[in-house]
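This is what each chain is made of:
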Amino acid sequence: MNSVEQIAQYATGHWVSQMVFTFVKHNMGDAFQQQAATATQIAERTGVNEDNCFRLLRALAPLGILKQDNDQFSLTELGDFLTTKHPMSLTDKVLLEAGYEHVLLWTHLSDYMVSSTPAPKAIFDLDNYFGLFEKRPKHLDVFAKAMGSYSQDEIAMIESMSSLDLSELDTLVDLGGAYGDLLASLLQRYPNLEGILFDQAAVIDNVLPLDRMTKQAGNFFEQVPENQDGYFLKHILHDWDDALCLKILGNIKHAMKPTSKLYIAEFGPVPETDEPHLSKMFDLHMMLTLNGKERSLSQWHELLASAGFKVTMIHESFGPLSVIEACLADPV
Ligand SMILES: C[S@@+](CC[C@H](N)C(=O)[O-])C[C@H]1O[C@@H](n2cnc3c(N)ncnc32)[C@H](O)[C@@H]1O
């Protein structure tokens, strides 16, 4: 691809994003029923307009999602990820990241560069992103399912961390644990562990209880469960700026026993060099939506030290997620 084509591709990235979103939103991947089909058949099975359907499928084929053979289309190996049946289905992530709310929030990026006003405020007049759950209740389900889907990949990453061992813990709280996917996997892996799923009421109300799991609704800016052996935070601190992170960490410190451990799972640490890393893109998303950030190793050390913690280990995985393990710097 030459430079002109490459920049044109970047500039029209939102076209591709909406093509993939539309394919998933109308459940077209499943409509193939694992066989080749014509656009007419897919249109009939999904209730979309036949001509529009043909034109969408034709445009998706060169992206590697479909194969076109005269009037027959079939899913490629890549396209299979856009079916709900695939064990690593990406449909929930597509519905969140290319859906109405996130697309609208990203249109604010250029204004944000000057104003630093978070996009939820500018676009939806909300104090923070999570207010969307009440203002646009359907978004809660889309968000929580996508988090569950991210968690499935990330659970595999966490399970791959040979240095991470929670077998010494009897109790653990997953702060902001959403629908509880991570906690459920940890409870399965550690049969003696008891866990608290802590999140906003609107989120955990939907979660079915599991053996050894207690649900607790609350606000981690006010208080968190006391005397737990472990405090797990996956994709929580990247949501907030340093001052708000210090508030959450302060509440955890206050609730901890001297021997308790803190586990922070995030994309990164952000490399200080120019190597590609997912954390660099997510950093922009967190900046725009919450004034949050992904952090480099030195930023983690600094933040945790200011909150009275010391980093004891960085557990790396085969993917972009790492777990930072920390304990109280001065246990009393
Ligand atoms: C980015 S999501 C991460 C969810 C989950 N830990 C994961 O990795 O899939 C952030 C979570 O924090 C929760 N949350 C946001 N503000 C909160 C607050 N003040 N108190 C408790 N939970 C909160 C949200 O409801 C959401 O489930």
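Residues numbered from 1 in each chain as written. Predicted model: local features only at pLDDT ≥ 70, side-chain atom pairs only at ≥ 80, totals over all residues. Heavy atoms only, no water.

Draft legend 1. Quick peek at the sheet that holds strand β6 (residues 213-217). Ordered in space as β6-β5-β4-β7-β8-β10-β9, the 7 strands form an open sheet in which the pairing is mixed. Looking along the sheet, the strands with just one partner apiece sit at the ends: β6 and β9 (309-316). Within the sheet, the average angular offset between the axes of one strand and its neighbour, ignoring direction, is 20 degrees. The sheet contact formed by strand β4 (residues 171-175) and strand β7 (residues 230-234) spans 3 bridges and is parallel. Its bridge partner lying in β7, Asp174 is registered against Phe232. Contacts between helix α15 (residues 242-255) and the sheet are confined to β4, β7, β8 (261-267), β9 and β10 (321-328), with β7 contributing the most and set at about 165 degrees to the helix. (Pairing = 2+ DSSP bridges. Helix = DSSP H or I, 4+ residues; strand = E, 2+ residues; numbered from the N terminus. Axes fitted to C-alpha atoms, helices over the stretch in contact; angles between N-to-C directions. Contact = heavy atoms within 4.5 Å.)

Draft legend 2. Molecular detail of the side chain of Glu294. Mapped onto the secondary structure, Glu294 falls in the loop between α16 (278-290) and α17 (297-306). Within the buried set, Glu294 has no salt-bridge partner at all; the shortest N-O distance to an opposite charge, 6.7 Å, is to Arg295. One polar contact links Glu294 to His238, side chain to side chain, over a distance of 2.7 Å. The contact partners of Glu294, leaving out residues within four places of it in the chain, are His238, Glu266, Phe267, Val270, Ser279, Phe282, Asp283, Met286 and Gln299. (Buried < 20%, exposed > 50% of the residue type's maximum accessible area, 1.4 Å probe, protein only. Lys, Arg positive; Asp, Glu negative; His and termini not counted. Salt bridge = Lys/Arg side-chain N within 4 Å of Asp/Glu carboxyl O. Polar contact = N/O pair within 3.5 Å; in protein donor to acceptor, adjacent residues only side chain to side chain.)

Draft legend 3. Broad picture of the packing of α15 against α17. Viewed as axis vectors pointing N to C, α15 and α17 meet at an angle of 50 degrees, and their least axial separation amounts to 9 Å. When the axes of α15 and α17 are compared, the pair comes out oblique. Of the two possible hands of crossing, α15 and α17 adopt the one that is right-handed. Judged by residue contacts, Asp242, Cys245, Leu246 and Leu249 of α15 engage Leu303, Leu304 and Ser306 from α17. Class assignment for the residues of the contact of α15 with α17 results in 5 nonpolar, 1 polar and 1 charged. (Parallel < 35°, antiparallel > 145°, perpendicular 65-115°, else oblique. Left-handed = near helix turned anticlockwise from the far one by under 90°. Nonpolar A, V, L, I, M, F, W, Y, C, P; charged D, E, K, R; others polar.)

Draft legend 4. Structural view of the packing of aromatic side chains. This model, assessed by the stated rule, comprises 14 aromatic pairs. Ring geometry for Phe221 against Trp240: centres 4.9 Å apart, planes inclined by 85 degrees, an arrangement best described as edge-to-face. Linking Phe221 in the loop between β6 and β7 with Trp240 in the loop between β7 and α15, this pair joins segments that are 19 residues apart in sequence. Trp240 matches Phe221 in its accessibility class, with the two residues each being buried. Among the aromatic residues, those joined into a cluster by ring pairs are Tyr129, Phe130, Phe133, Phe143, Phe220, Phe221 and Trp240. Sitting over the face of the ring of Trp300, Arg295 holds its NZ or CZ atom 5.4 Å from the ring centroid. (Phe/Tyr/Trp six-rings, centres within 6.5 Å; stacked < 30°, edge-to-face > 60°. Lys NZ or Arg CZ within 6 Å of the ring centre and 35° of its normal.)

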